Amino acid sequence: INVVGRVKNNVVDPVRSKVEQVVPIDQLVRGAHLYNRARRVVDRRERSPRFVEKPIADGATIPLADIDMSNPFLYRAGQWESHLKRLRDESPVHFQKKGPFGPFWSVTRYEDVLAVDKNHHVFSAEPYIVMGKMPAGFDIRMFIAMDPPKHDVQRAAVQGVVAPKNLKEMESLIRSRVQEVLDELPVGEPFNWVDRVSIELTGRMLATLADYPYEDRRELTQISDLASGVPAATGGTSDLDETFSAAVPMLRKVMHLWHDKAARIAAGEKPGFDLISLMLADEGTKNMIDKPMEFLGNFVLLVVGGNDTTRNSMSGGVLALNKFPDQFAKLKADPKLIPNMVSEIIRWQTPLAYMARRAKEDTVLNGQHIKKGDKLIMWYSSANRDERHFERPDELIIDRKNARNHIAFGFGIHRCMGNRLAEMQLRILWEELLPRFEDIKVLEEPEIVQSTFVRGYSKLMVELTAKK
Ligand code: HEM
């Protein structure tokens, strides 16, 4: 979030940098909010687009030119598979001229998505990795949307928080938190799995990672949901005023956490394995608080990156095992399949549908001429269902040989930093679920969120049967 205007190519001028150091964070955000409101008054393009849900024709029959991959209701309408299959088969690098987010190319085959993701010299992650743009005053500087060298420096600074040694330390804590949540679940009566399990567990994991006040953990979920639901960016439903207002207490708390932790460690307390302790311990990042927006960018990226993704894999797994009951039976008969199943669930769900890139030069991709500056959408949700790469791709097959080959974590320099943590969290969840419950029955079709970006659920009603 900025005080004024946009940051160009992630370069912050020295005056702004100084301002950000001396002005308290809540005033910075309030300033950004005022700026955003003013821009919405004077510039129609800054107002949130409105999306109206209408019936969507089957992708197999619609004229190719009418396919609209920017429709945020495509997933909810159950039409995303047919649309993407049509593109994979007939127009794998497909240009869409019109839509609320401007023109873009859809890249839909596994090999092409891989080629784009691996080639950061030609395909830039700047300025945004979403289909649209962030509203004025809203540019949070996150390394997921930066190119080298800045990306590499910032990623290296926070990587330690999810390093194998740290994950090992975290495992028993995460397991005990999973156990707590599962032990409190009602048996034999309907409840919303998304709220009671997926959101709750993800919130606990993020609070652990950030050492955020445990009782306030839902604030992390809330801010993350608001950020990823910005209508102009992803076609979601967030209200901008609510988003700015929710950011203030969270950011204030995070700044306080840093200073408090620094003081305690200076007084001799043993550092923990959370993000701030690790940054304080590292020569390269121990003074990052002097660049508050950079620190906050890293903090918010970890929270947003770990939120929708892990949560929707937790819900998607339950849904998929209900859609493919033979696989549920296979799992119960052989719980050693859990690690492979976790990869397969992530492939099947693909919680982030895509990442966006911009061509840095004219280039050719699978026969199509891409111009410098063109926007490309790498559809992970399509690459993971590409029949050229996965057999029977629409099915969940928990012992699938190449399940780990999925591309839901991306590839190349931006490959998901939290992938091992996400896998660990999902593995522990299923290791703890199987001995407790005989069945997790989905009672009705889930409610699906409105978004071009997040493939997620807001409601999944289930009923548990206790183990005999
Ligand atoms: C990047 C997916 C969980 C933190 C990414 C990317 C994807 C992704 C697709 C971009 C890859 C690219 O551009 O090539 C997922 C999925 C998850 C998950 C599917 C769970 C199933 C997490 C968790 C965290 C996290 C738990 C942290 C706690 C990040 C970060 C980046 C990232 C920091 C930016 C990496 C970079 O730009 O270098 N993730 N993610 N993710 N993810 Fe995840």
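Just so we're clear, the structure is a prediction, and the values are computed from it rather than from any experiment.

Caption draft 1: Molecular detail of unusual backbone geometry. Of the consecutive residues glutamate 126 and proline 127, the connecting peptide bond is found in the cis state with omega at 0 degrees. Among the secondary structure elements, proline 127 is positioned in the loop between β3 (123–124) and α5 (150–158). Going from proline 148 to proline 149, the amide bond is cis rather than trans, its omega being 5 degrees. As for its placement among the helices and strands, proline 149 is situated in the loop between β3 and α5. Positive phi, normally seen in glycine, also occurs at aspartate 211, with a value near 50 degrees. Its place among the elements puts aspartate 211 in the loop between α7 (193–210) and α8 (217–228). You can call aspartate 211 partly exposed: it has 16 C-beta atoms within 10 Å. Phi angles above zero are rare outside glycine, and arginine 392 is one such case at about 40 degrees. With respect to the helices and strands, arginine 392 occurs in the loop between α15 (380–383) and α16 (419–436).

Caption draft 2: Broad picture of the nonpolar core. Counting 123 residues, the largest nonpolar core has Leu275, Tyr354, Leu376, Ile377, Met378, Trp379 and Tyr380 as its most contacted members. The biggest single contributor to this core is helix α12 (residues 292–323), with 14 residues. Not counting the four nearest positions on each side in its chain, leucine 376 is found in contact with Phe104, Trp105, Val107, Val116, Phe123, Ala356, Arg357, Ala359 and Ile370.

Caption draft 3: A look at the site of the ligand. Taken together, 28 residues form the shell around the ligand, and within it Gly305, Gly306, Gly410, Cys416 and Gly418 come nearest. Elements that contribute at least two residues to the shell around the ligand include exactly α12 and α16. Here the shell around the ligand takes seven residues from α12, the largest share from any one element. For the shell around the ligand, a count of residues per class yields 16 nonpolar, nine polar and three charged.

Caption draft 4: Up close: the sheet that holds β3. Strand order in the open sheet made by the five strands is β1-β2-β8-β5-β3, with mixed pairing throughout. Strand pairing shows two members of the sheet lacking a second neighbour, β1 (93–96) and β3, which therefore form its edges. Taken together, the five bridges between strand β5 (residues 354–359) and strand β8 (residues 375–379) define a ladder with antiparallel strand orientation. Bridge pairing links arginine 357 to leucine 376 in β8. Seen against the sheet, helix α4 (residues 110–118) touches β1, β2 (104–107), β3, β5 and β8 and runs at an angle of roughly 125 degrees to β8.

Caption draft 5: Quick peek at the packing of α12 against helix α14 (residues 338–349). Two elements in contact, α12 and α14, have axes separated by 9 Å at closest approach and are oriented at 95 degrees. For the element pair α12 / α14, the angle class is roughly perpendicular. On α14, the residues that touch Asn312, Ser313, Gly316, Gly317 and Ala320 of α12 are Ile345, Ile346, Trp348 and Gln349. Taken together, the residues that form the contact of α12 with α14 break down as four nonpolar, five polar and no charged.

Caption draft 6: Spotlight on the environment of methionine 279. Positionally, methionine 279 belongs in helix α11 (residues 275–281). Separated by 253 residues in the primary sequence, methionine 279 and aspartate 26 have C-alpha atoms spaced 22 Å apart.

Caption draft 7: Summary view of helix α2 (residues 25–42). Spanning 18 residues, α2 covers 26 Å between terminal C-alpha atoms, matching the ideal 26 Å at 1.5 Å per step. Where α2 is concerned, the buried positions are Ile25, Leu28, Val29, Ala32, His33 and Asn36. Buried residues of α2 fall within an arc of 140 degrees about the axis and therefore sit on the same side. Seen from the buried face of α2, the exposed residues on the opposite side, beyond 90 degrees, are Gln27, Val41 and Val42.

Caption draft 8: The arrangement of the sheet that holds strand β12 (residues 461–466) in detail. A sheet is described by the order of its strands in space; here three strands give the open sequence β4-β12-β9, paired in antiparallel fashion. Two strands bound the open sheet, and with one partner strand each, they are β4 (191–192) and β9 (437–442). With two bridges joining them, β4 and β12 adopt antiparallel strand pairing. Bridge pairing in β12 places asparagine 192 opposite methionine 461. Each of β9 and β12 touches α12; the most contacted strand, β9, lies at about 90 degrees to it.

Caption draft 9: Highlighting the packing of α7 against α12. Contact pair α7 / α12: the axes reach a minimum separation of 9 Å and the direction vectors enclose 150 degrees. The angle between α7 and α12 falls in the class roughly antiparallel. Read as a crossing pair, α7 and α12 show a hand that is right-handed. Seen from α7, the contacting residues are Trp193, Val194, Val197, Ser198, Ile199, Leu201, Thr202, Met205, Leu206, Leu209 and Ala210; seen from α12, they are Phe299, Leu302, Val303, Gly306, Asn307, Thr310, Arg311, Met314, Ser315 and Val318. For the contact of α7 with α12, a count of residues per class yields 14 nonpolar, six polar and one charged.

Caption draft 10: Region of the structure containing α5. Within the sequence span of α5, burial applies to His151, Gln154 and Val158. For α5, the angular spread of the buried residues around the axis is 80 degrees, confining them to a single face. For α5, the secondary structure elements touched by its buried residues are α11 and α12.

Caption draft 11: Looking closely at the environment of arginine 311. With respect to the helices and strands, the residue arginine 311 is situated in helix α12. Judged by the 28 C-beta atoms lying within 10 Å of it, arginine 311 is buried. Sequence-wise, arginine 311 and lysine 336 are 25 residues apart; in three dimensions their C-alpha atoms are separated by 23 Å. Every residue in contact with arginine 311, bar those within four places of it in the chain, is listed here: Ser198, Ile199 and Thr202.

Conventions used here
Residues numbered from 1 in each chain as written. Predicted model: local features only at pLDDT ≥ 70, side-chain atom pairs only at ≥ 80, totals over all residues. Helix = DSSP H or I, 4+ residues; strand = E, 2+ residues; numbered from the N terminus. Buried ≥ 20, exposed ≤ 12 C-beta atoms within 10 Å, placed from the backbone. Core = buried A, V, L, I, M, F, W, Y, C linked by C-beta atoms within 7 Å. Contact = placed C-beta atoms within 7 Å. Near = placed C-beta within 6 Å. Nonpolar A, V, L, I, M, F, W, Y, C, P; charged D, E, K, R; others polar. Pairing = 2+ DSSP bridges. Axes fitted to C-alpha atoms, helices over the stretch in contact; angles between N-to-C directions. Parallel < 35°, antiparallel > 145°, perpendicular 65-115°, else oblique. Expected span 1.5 Å × (residues − 1). Arc of directions from axis to C-beta. Left-handed = near helix turned anticlockwise from the far one by under 90°.

Any link to function would need more than the numbers given here.
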